[in-house]
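Listed here are the chains, written in short residue letters.
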Amino acid sequence: MKASIENILRKYQHDSTRLMDILLDIQDELGYIPEAYVPHIAELLGLSDADVEQTLSFYHFFSTRPTGKYRIYLNNSVVAYMMGRSEVAAAFEEALGIKFGQVTPDGRVGLFETSCIGMNDQEPAAIINNVIFPCLTPFRVREIVRDIKENKPVEEMINYQYGEGQNASEMVRSMVSNNIRKVGPVLDPHYKVGEALKKVISMSPEEVIEEIKKSNIRGRGGAGFPTGLKWEFCRKAHGEKKYIFCNADEGEPGTFKDRVILTELPRLLLEGMIIAGYAVGATEGILYVRYEYRYLKKYLEEILENARKKNYLGKSILGKEGFDFDIRIQFGAGAYVCGEESALIESAEGKRGEPRDRPPFPVEKGYLGMPTVVNNVETFCSVVKIILNGGEWYKSFGTEQSTGTKLLSISGDCRYPGVYEVAWGFSVNDILDMVGASKNQVQAVQVGGPSGSLIEPDEFNRILGYEDLSTGGSLIIFGHHRDLIREVVLNFTNFFIDESCGSCSTCRIVPVLLRNKIEKILNARGVEKDLDEMLEWAKLLKASRCGLGQTAGNPVVTSIKNFRHLYERMIQKNKEYDAGFDLQAAIRDGAEATGRIPIV
Amino acid sequence: MAEIVRVYIDGKECLAQNGEYLLQAARENGIYIPTLCHYEGVKPKGSCRICTCKVNGRLMTACTTPIAEGMVVENNTAEINEMRKAIIELFFVEGNHFCPTCEKSGDCELQALAYKYQITAPRYPFLFPTKRVVAEYSRIIIDHNRCVLCKRCVRAIKDAEGRSFFAYRRRGQHIEVILDKRMSEQMDYEKALEAEKVCPVGAIMARRIAFTTPVGHRKYDKKPIGSDVEKIK
């Protein structure tokens, strides 16, 4: 045991800031991280045992208990349920003879739940030992379990064929489909790799930033901060070293566009990061990829290696004296909050993914205390096209306040779920037409994932853009047959409860209170006052540190605002107060222990 | 000499050193901003959110926000006070706080804040979580029922090499404070008392000593929390 830990630690030069990688390597090797390893890891890294434990226990793909030779993680996102997840889950439980959260008695198979894995266009989907199994049905589940019982390697458990494009390539070999439905200037694959970079090194860094500023592009992760300005701040900040981070931790349920870019256009993304490095004066880039996309690890590493061979990365890039830049990949280990830029940085430093207080902003003090730019995958890709065609060209797409295009991840009740690149300014109505969802069958659209808004048909003429419906790109469509409160609002609220880092009081507690209220209403114990209280309590979340906490009440707030009638239908009229207290349930344990049935 | 800047707290002009945290600047000007996770001399974390003010119209925690020239701060307003009261009530429903049997009663900052904000009963339903009382360490007892997850112990109690004795485990509603088992064996009596003192509530109690100050003579028995700042007679 000690020898293998020492090998892994040597690989990372006993650097405690690489704790995530160290734990990931151990987990990959053994399927779990035995508690007995913790003191060894701690000692060799100069940390305390508790330091190691606090990182280890934060991420839900790390486990200190054996999780089986086959580790099945079934997605529990709302769209998974809409596409038949309950039947699939039951099939797994029946075929394996265990419940979720358990490992088979022979220790071979573990069955677990996980939050949205970025496959909303091909649900229900599961991850088994880093291999994605999309489009599951109970029949397919029985096939998989049969293969598992026959000890078949996961890589060979292919149903029919690999997905299209690079999914079928030697280094990926995945059953995932891209589902690219509409290509625009960013997704357009007809460009010459490296050309933008060549152009950039003939410009001064200031000129590059100026061009980006001219395009008016704003961050594509959702927050919408002007990219050129961010780069300028970082360029002007003082630090011995500067870093470029790419946020590929897309965890917002319903988002999967970065998966498609990482698969089909990884070179475009890397080129954008290298250009940012040049503009900002950074020497190192870190591509932070969510754990769920670990099936792309070998592929992405190979592409980095090829880029080094071509001198797109390394020393004196393309002969430009003094332009040194390299990129490493950092995988996460299951935490939505790490999509928040400062939590992402904390995680890359080997710590818990807790957002930092701001100021200072990452552009002043980011990774290892140095000036750091964090941009979304899509932002970096757009940058390359801006450099190739100019900021003015980019502005010809979109609206005045929202220039350019946006990649949308569209899923739910529509004929063609997938990735669509559209110019900003598209209305929700246009989008429904585009994806094959007939308007008279659509009850609601979730714009921007759970942290966005649930909007009703009267609002479908609203447009996507920073001036109206701002979004990171997740759109989920719900038909009239969906129970919005039970299926959607409750699911999203539980998601926020599971994914809160727990640092702020408000985000740790309020969503739990809201969830209890929703359940009270669903149990027919709700009264009118409950709705007003939910709105009132949700306001407290605005005092949370990060965007996750601040938006954790949005499913409740936007659904009450736009679909109050659905709640009204379920609450008791003529009753002002109901504690929602179930006496029978409260005394059940006591009654069982004493063997007496009380008369109440 | 650091630059002096002007900030306006509830309309009152205050002078303080540029870059100082708002909380400190306010206190130096006799203005009390309530806190729970803040501990003098320890890097702020902004986790309890009680010191939240409106800074230039945005909600910001005073303990983590450096002041800047011309900053306009809303602190003692109906809106902010109501929000603070609501946050304090959150702590009461999240844990199991039974003041009459708690040794920290009278020295407890959460209790003192509840009095300050005149809380009689929380507006939220109690969550009544099942929490552990951990007595496996030689020097201290951790009662998770009372813990408010302020991270003060994690940030303040360190060994000679700067390693923390305490840490967080898990996340979200399942988060809890742990004491490093091996380091706990090196923990001496002084360190245990220091940890007890750092804890704003009665979650960390040093073993083998209790009730040294009788009820009625404790810190907040005589004067409400914040009165040292506000200089109430």
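Enquirer: Account for the overall build of chain A, with residues named and values stated.
Expert: Within chain A one finds 23 helices and 15 strands. Taking 2.2 N^0.38 as the reference for a compact globule, 600 residues should give roughly 25 Å; the C-alpha atoms of chain A span a radius of gyration of 25 Å, in line with that estimate. Its C-alpha atoms give chain A principal-axis dimensions of roughly 85 × 60 × 50 Å. Taken over 600 residues, chain A has a buried fraction of 54%. Counted over contacts in chain A with a minimum sequence separation of 6, partners at least 24 positions apart contribute 72%.

Enquirer: Lay out the overall build of chain B with the relevant residues and their values.
Expert: When its secondary structure is counted, chain B shows eight helices and ten strands. Seen through its C-alpha atoms, chain B measures out along the principal axes to roughly 50 × 45 × 35 Å. Considering only contacts within chain B whose residues lie at least 6 apart along the sequence, 64% involve residues at least 24 apart.

Enquirer: Please set out the sheet that holds strand 6 (residues 180-182) of chain A residue by residue, giving values where relevant.
Expert: Residues and elements named next belong to chain A. With mixed pairing, the six strands of this open sheet are ordered in space as 6-12-11-15-13-14. Among the strands making up the open sheet, the edge pair consists of strand 6 and strand 14 (453-455). The sheet shows a mean angle of 25 degrees between the axes of neighbouring strands, taken without regard to direction. Both strand 11 (residues 405-412) and strand 15 (residues 474-479) contribute to a ladder of four bridges, which runs parallel. Looking across to strand 15, one finds that I410 is bridged to L475. Along the sheet, helix 17 (residues 428-435) contacts strand 11, strand 12 (418-423), strand 13 (442-447), strand 14 and strand 15; its crossing angle with strand 13, the most-contacted strand, is approximately 110 degrees.

Enquirer: Break down the packing of helix 19 (residues 505-522) of chain A against helix 2 (residues 78-94) of chain B for me, citing the residues and quoting the values.
Expert: Running from amino to carboxyl end, helix 19 of chain A crosses helix 2 of chain B at an angle of 65 degrees, the nearest separation of the two axes being 10 Å. By crossing handedness, the relation of helix 19 of chain A to helix 2 of chain B is classed as left-handed. From helix 19 of chain A, S505, T506 and I509 of chain A reach across to helix 2 of chain B, where they touch I87, L90, F91 and E94 of chain B. Each residue belonging to the contact of helix 19 of chain A with helix 2 of chain B can be placed in one class, and the counts come to four nonpolar, two polar and one charged.

Enquirer: Account for the interface of chain A and chain B, naming residues and giving values.
Expert: Contact residues are listed per partner, giving 31 residues for chain A and 34 residues for chain B. Broken down by element, the residue count for the side of chain A that touches chain B peaks at seven residues, all from helix 19 of chain A. The residue inventory of the side of chain A that touches chain B, partitioned by class, reads twelve nonpolar, ten polar and nine charged.

Enquirer: I'd love a proper account of helix 6 (residues 189-198) of chain B, names of residues and values included.
Expert: For helix 6 of chain B, the full list of buried residues reads A192, A195 and E196 of chain B. Buried residues of helix 6 of chain B, viewed axially, fall in a sector of 100 degrees; they line one side.

Enquirer: I'd like a rundown of the packing of helix 9 (residues 205-215) of chain A against helix 15 (residues 377-389) of chain A, residues and numbers included.
Expert: Residues and elements named next belong to chain A. Running from N to C, helix 9 and helix 15 cross one another at 100 degrees; their axes reach a closest spacing of 10 Å. Put simply, helix 9 runs roughly perpendicular to helix 15. Counting all contacts with helix 9, which are made through E211, I212 and S215, the residues of helix 15 involved are V383, I386 and I387. Its residues assigned to classes, the contact of helix 9 with helix 15 comprises four nonpolar, one polar and one charged.

Enquirer: Describe the nonpolar core, and please don't skip the residues or the numbers.
Expert: In terms of nonpolar packing, the biggest core is built from 256 residues, with F245, L269, I274, I275 and A276 of chain A together with F166 of chain B touching the most fellow members. Among the elements that line this core, the one with the most residues is helix 12 (residues 266-280) of chain A, at ten residues. Excluding residues within four positions of it along the chain, I275 of chain A makes contact with A196, L197, V200, V208, V383, V384 and I387 of chain A.

Enquirer: Tell me what's going on with the domain arrangement of chain A, and back it up with residues and numbers.
Expert: By the assigned domains, chain A splits into domain 1 (2-56), domain 2 (70-160), domain 3 (182-395), domain 4 (405-440 + 449-478) and domain 5 (485-568). Computed from C-alpha coordinates alone, the two centres of domain 1 of chain A and domain 4 of chain A are separated by 43 Å.

Enquirer: Account for the domain arrangement of chain B, naming residues and giving values.
Expert: All names here are of chain B. Partitioning chain B into structural domains gives domain 1 (4-76) and domain 2 (85-208). Between domain 1 and domain 2, the C-alpha centre-to-centre distance is 25 Å. Listed by partner, the interface residues are eleven residues for domain 1 and 15 residues for domain 2. Residues of the side of domain 1 that touches domain 2, tallied by class, amount to seven nonpolar, one polar and three charged.

Enquirer: If you had to explain the sheet that holds strand 7 (residues 140-143) of chain B to someone new, which residues and values would you point to?
Expert: All names here are of chain B. Taking strand neighbours across the sheet as the criterion, the three strands line up as 6-7-10 in an open arrangement whose pairing is antiparallel. Two strands lie at the open edges of the sheet, namely strand 6 (133-134) and strand 10 (204-206), each paired on one side alone. Looking at chain direction, strand 7 and strand 10 are connected through three bridges and run antiparallel. Following the sheet pairing, I140 is matched in strand 10 by A206.

Enquirer: Tell me about the pairing of strand 15 of chain A, residues and numbers included.
Expert: Residue and element names in this part refer to chain A. The element strand 15 is largely enclosed, with a buried count of five among its six residues. As paired elements, strand 13 and strand 15 share five bridges and run antiparallel to each other. When the bridges of strand 15 are listed, V445 appears paired with I477.

Enquirer: So what's going on with unusual backbone geometry? Residues and values would help.
Expert: All names here are of chain A. The linkage connecting E123 with the following residue, P124, adopts the cis geometry, with an omega of -10 degrees. With respect to the secondary-structure elements, P124 resides in the loop between strand 3 (109-114) and strand 4 (126-128). In this structure, the amide linkage connecting R358 to the following residue, P359, adopts the cis form with an omega of -5 degrees. Tracing the chain through its elements places P359 in the loop between helix 14 (341-348) and strand 10 (372-376). Here the phi dihedral of N129 falls at roughly 45 degrees; this positive angle occurs in a residue that is not glycine. Within the secondary structure, N129 sits in the loop between strand 4 and strand 5 (131-133). N129 sits in the partly exposed class, given 18 other C-beta atoms within 10 Å. Phi at N179 takes a positive value of approximately 55 degrees, unusual for a residue other than glycine.

Enquirer: Run through helix 3 (residues 38-45) of chain A, naming residues and quoting values.
Expert: Residue and element names in this part refer to chain A. Inspection of helix 3 places V38, I41, A42 and L45 among the buried residues, and these make up the whole buried set. The buried residues of helix 3 occupy one face: seen down the axis, they fall within an arc of 100 degrees. Where helix 3 is buried, its residues contact helix 1 (2-11), helix 2 (19-30) and helix 4 (49-56). Just downstream of helix 3 lies G46, where phi reads positive at about 75 degrees.

Enquirer: If you had to explain the pairing of strand 5 (residues 71-74) of chain B to someone new, which residues and values would you point to?
Expert: All names here are of chain B. Residue alternation in strand 5 divides its side chains into a buried set, M71 and V73, and an unburied set, V72 and E74. Sheet topology places strand 1 (residues 4-9) next to strand 5; three bridges connect them, and they run parallel. If you follow V7 over to strand 5, its bridge partner there is M71. As judged from the two bridges shared by strand 3 (residues 52-55) and strand 5, these two strands associate in the antiparallel manner. Pairing of K54 across the sheet is with E74, part of strand 5.

Enquirer: Account for the environment of N56 of chain B, with residues named and values stated.
Expert: You can see N56 of chain B is positioned in the loop between strand 3 and strand 4 (58-61). Those residues within four positions of N56 of chain B in sequence are excluded, and the remaining contacts are M71 and V72 of chain B.

Enquirer: Go over the environment of W393 of chain A with me, naming the residues and quoting the values.
Expert: Residues and elements named next belong to chain A. Within the secondary structure layout, W393 lies in helix 16 (residues 391-395). Under the C-beta neighbour-count criterion, W393 is labelled partly exposed, with 14 such atoms within 10 Å. Between the alpha carbons of W393 and N461 there is a distance of 27 Å; along the sequence they are 68 residues apart.

Enquirer: Describe the environment of A333 of chain A, with residues and values.
Expert: Residues and elements named next belong to chain A. Among the secondary structure elements, A333 is positioned in the loop between strand 9 (326-331) and helix 14. Residue class for A333 comes out buried when judged on the 22 C-beta atoms lying within 10 Å of it. Each C-alpha atom, one on A333 and one on E292, is 8.1 Å from the other, the two residues being 41 residues apart in sequence. Not counting chain neighbours up to four residues away, the residues in contact with A333 comprise M20, L24, Y59, F61, F62 and Y291.

Rules behind the numbers
For every chain, the first residue of the written sequence is number 1, and numbering continues from 1 onward in sequence order. Chains carry letters from A onward and ligands carry numbers from 1 onward, assigned in written order. Since the coordinates come from a predicted model, pLDDT governs what is reported: local features require at least 70, and pairs of side-chain atoms require 80 or more to be given and counted, while whole-chain, interface and lining totals use all residues. Numbering of helices and strands starts at the N terminus; helices are DSSP runs of H or I of at least 4 residues and strands are runs of E of at least 2. We compute the radius of gyration from the C-alpha atoms alone; for a globule the expected value is 2.2 Å times N to the 0.38, where N is the number of residues. Three exposure classes are used, based on other C-beta atoms lying within 10 Å of a residue's own C-beta, which is placed from the backbone: buried for 20 or more, exposed for 12 or fewer, and partly exposed in between. By definition, residues are in contact whenever their C-beta atoms, placed on the basis of the backbone, come within 7 Å of each other. Think of it this way: DSSP has to see at least two bridges between two strands before they count as a pair. An axis is simply a line fitted to the C-alpha atoms; with a helix, the fit covers only the stretch in contact. Between two such axes, the angle follows the N-to-C directions and lies from 0 to 180 degrees. Working rule for handedness: look at the near helix, and if it is turned counterclockwise from the far one by less than a right angle, call the crossing left-handed; if clockwise, right-handed. Three categories are distinguished: nonpolar for Ala, Val, Leu, Ile, Met, Phe, Trp, Tyr, Cys and Pro, charged for Asp, Glu, Lys and Arg, and polar for the others, with Gly belonging to the last. This arc corresponds to the set of directions leading from the helix axis out to the C-beta atoms. Under this scheme an angle from 65 to 115 degrees is roughly perpendicular, one under 35 degrees roughly parallel, and one over 145 degrees roughly antiparallel; angles in between are oblique. Here a nonpolar core is just a set of buried residues of the types Ala, Val, Leu, Ile, Met, Phe, Trp, Tyr and Cys, joined wherever their C-beta atoms sit within 7 Å. Domain segmentation is taken from an automatic or database assignment of domains.

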